[in-house]
Amino acid sequence: MMLTKERLNEILERTGVLQHGHFLLSSGKHSNKYMQCAKIFQHPECSVEISKALAEKFESYDIDIVIGPAIGGIILAYEVGRHLEVKAIFAERENGKMLLRRGFEIARGSKVLVVEDVITTGASVKEVIDLVRSKGAEVIGVGSVVDRSGARVLFDIPYKSLIRVEIDIYDPTNCPLCKEGSIPYKPGSRDLNI
Ligand SMILES: [Zn+2]
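In this report, the structure presented in the accompanying data block is examined. Not measured: the values here are computed from a predicted model. (Residues numbered from 1 in each chain as written. Predicted model: local features only at pLDDT ≥ 70, side-chain atom pairs only at ≥ 80, totals over all residues.)

Within the chain, the regular secondary structure consists of five helices and nine strands. Helices and strands in the chain line up, N terminus first, as α-β-β-α-β-α-β-β-β-α-β-β-β-α. Split into buried and exposed, the 194 residues of the chain put 32% on the buried side. Within the chain, contacts between residues at least 6 apart in sequence are counted, and of these 62% link residues at least 24 apart. (Helix = DSSP H or I, 4+ residues; strand = E, 2+ residues; numbered from the N terminus. Buried ≥ 20, exposed ≤ 12 C-beta atoms within 10 Å, placed from the backbone. Contact = placed C-beta atoms within 7 Å.)

And the structure:
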């Protein structure tokens, strides 16, 4: 079965990944939506379905390895790698620098797909791209479940996502939700899981 946008939205809302309301963010700003993508991966059957849909977007590409930045990209890379029937590894930070640890290797000349759960600025993914290229390997593409980039061009290689999510962020002094009289709350301060 194809993963439709409706089905994906239904999964994101049911698992509490995407919440609608009036939120107080850690930056002090307010927003109309809140996302916690890690919640998808609490549910193996959702992880499999979503990762398969992302993998299918890269089926026509020649890929040897899938890599994701820890932590958001670990399970996604594994599941995408399973569907593409290639090796899956993750990169992680040590002293602030994105590295391969645990004996993971990328052979020179490998064709690599980089995946991440949510891409906003693309900073972590760019670090992984630089890491892959530093090994003499080629980055073939970037994939994410959610694209929060706001349609900015972040990468010099093909980027595909399953869904674009726009979140409106407001200054607390000029928040339309506050003006309507509602009170923002800190995500996680009450359980919105259904
Ligand atoms: Zn507000």
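From this point on, the discussion continues.
This next bit is on the packing of helix α2 (residues 44-56) against helix α3 (residues 74-84). In a pair of packed helices, the angle between the axes and the distance between the axes together describe the arrangement. Interhelical geometry of α2 versus α3 gives an angle of 60° and a closest axis separation of 8 Å. Seen along the crossing, α2 lies across α3 with a hand that is right-handed. Two secondary-structure elements touch here, α2 through Ser47, Val48, Ser51, Lys52, Leu54 and Ala55 and α3 through Ile75, Leu76, Glu79, Val80, His83 and Leu84. Classifying every residue of the contact of α2 with α3 by side-chain character gives seven nonpolar, three polar and two charged. (Axes fitted to C-alpha atoms, helices over the stretch in contact; angles between N-to-C directions. Left-handed = near helix turned anticlockwise from the far one by under 90°. Nonpolar A, V, L, I, M, F, W, Y, C, P; charged D, E, K, R; others polar.)

Taken across its nine residues, strand β6 (residues 111-119) has seven buried, putting it largely inside the fold. Pairing analysis gives three bridges linking strand β3 (residues 65-69) to β6, with the strands arranged parallel. Directly across from Ile65, in β6, lies its bridge partner Val112. Inspection of the sheet shows β6 paired to strand β7 (residues 138-147) by eight bridges, in the parallel sense. (Pairing = 2+ DSSP bridges.)

We now examine the sheet that holds strand β1 (residues 18-24). Overall, antiparallel pairing links the three strands, which are arranged β1-β2-β9 in an open sheet. Since the sheet does not close on itself, it has two edges, and those belong to β1 and β9 (169-170), each with one partner. As judged from the five bridges shared by β1 and strand β2 (residues 30-35), these two strands associate in the antiparallel manner. The partner of His20 across the bridge, within β2, is Lys33.

Ranked by internal contacts, the top residues of the largest apolar core, which has 45 residues, are Val66, Ile67, Ala77, Val80, Val114, Val128 and Val132. Broken down by element, the residue count for this core peaks at six residues, all from α3. Here Val66 is in contact with Ala77, Val80, Gly81, Leu84, Val86, Ala88, Leu113 and Val115, once residues within four sequence places are set aside. (Core = buried A, V, L, I, M, F, W, Y, C linked by C-beta atoms within 7 Å.)

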